[in-house]
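Take a look at the letters that make up each chain.
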Amino acid sequence: MDKDNVLKPMQVAAILGLSKNTVYKLLKNKQIPAVKIQHQYLILESELFEWLHSNVDCEITLE
């Protein structure tokens, strides 16, 4: 079984070209797949890219 890279929100922001605040809003609204352990979000790199590919044509809202 291959190990999957675990990303933190700042890394996700850099990958997606978004601000860290935008990434936190997406995480809070459960629009990006992640797990929250205590007060820290962790995102599997493979799940992030799978989510990205499946949502290329959809509109994401930030409320």
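These figures come from a predicted structure and were not determined experimentally.

**Description of the overall build of the protein**
Per the secondary structure count, the protein includes three helices and three strands. For the protein, the sequential pattern of α-helices and β-strands runs β-α-α-β-β-α. Evaluated residue by residue, the protein yields a buried proportion of 21% over its 63 residues. Contacts spanning at least 24 positions in sequence make up 53% of the contacts within the protein whose residues lie at least 6 apart.

**Describing the packing of helix H1 (residues 9-16) against helix H3 (residues 45-54)**
Relative to each other, H1 and H3 sit at 40°, their axes nearing to 12 Å. As summarised for this structure, H1 and H3 are arranged oblique, according to the angle between their axes. The handedness of the crossing between H1 and H3 is right-handed. Each of Val 12, Ile 15 and Leu 16 in H1 lies in contact with H3, whose residues at this interface are Leu 48, Phe 49, Trp 51 and Leu 52. Residue composition of the contact of H1 with H3, grouped by class: seven nonpolar, no polar and no charged.

**Focus on unusual backbone geometry**
Residue Lys 30 is not a glycine yet carries a positive backbone phi of 60°. Tracing the sequence through the fold places Lys 30 in the loop between helix H2 (20-28) and strand S2 (35-37). Positioned with a positive phi, Gln 38 is a non-glycine residue whose angle comes to about 55°. Positionally, Gln 38 belongs in the loop between S2 and strand S3 (40-44).

**Re the pairing of S3**
Residues Tyr 41 and Ile 43 point to one face of S3 and are all buried, whereas Gln 40, Leu 42 and Leu 44, pointing to the other face, are not buried. The pairing of S2 with S3 spans three bridges and is antiparallel. Across the sheet, the residue bridging to Ile 37 is Gln 40, located in S3. Taken together, S2 and the strand that follows it, S3, pair antiparallel across an intervening segment of two residues, in which Gln 38 is found at a positive phi of about 55°.

**Here we look at the side chain of Thr 22**
Positionally, Thr 22 belongs in helix H2. Its relative accessible area of 19% is what places Thr 22 among the buried residues. Within the structure, the side chain of Thr 22 is placed 2.9 Å from the side chain of Ser 19, a separation counted as a polar contact.

**Description of a nonpolar patch on the surface**
A surface patch of nonpolar side chains, amounting to about 210 Å² of accessible area, comprises Ile 15, Phe 49 and Leu 52. Structurally, the position occupied by Leu 52 is in helix H3.

Calculation criteria
Residues numbered from 1 in each chain as written. Predicted model: local features only at pLDDT ≥ 70, side-chain atom pairs only at ≥ 80, totals over all residues. Heavy atoms only, no water. Helix = DSSP H or I, 4+ residues; strand = E, 2+ residues; numbered from the N terminus. Buried < 20%, exposed > 50% of the residue type's maximum accessible area, 1.4 Å probe, protein only. Contact = heavy atoms within 4.5 Å. Axes fitted to C-alpha atoms, helices over the stretch in contact; angles between N-to-C directions. Parallel < 35°, antiparallel > 145°, perpendicular 65-115°, else oblique. Left-handed = near helix turned anticlockwise from the far one by under 90°. Nonpolar A, V, L, I, M, F, W, Y, C, P; charged D, E, K, R; others polar. Pairing = 2+ DSSP bridges. Polar contact = N/O pair within 3.5 Å; in protein donor to acceptor, adjacent residues only side chain to side chain. Patch = residues over 30% accessible without salt bridge, like charges linked within 9 Å, V, L, I, M, F, W, Y side chains within 5 Å. Areas by Shrake-Rupley, 256 points an atom, 1.4 Å probe, with all protein chains shown as cover. Salt bridge = Lys/Arg side-chain N within 4 Å of Asp/Glu carboxyl O.

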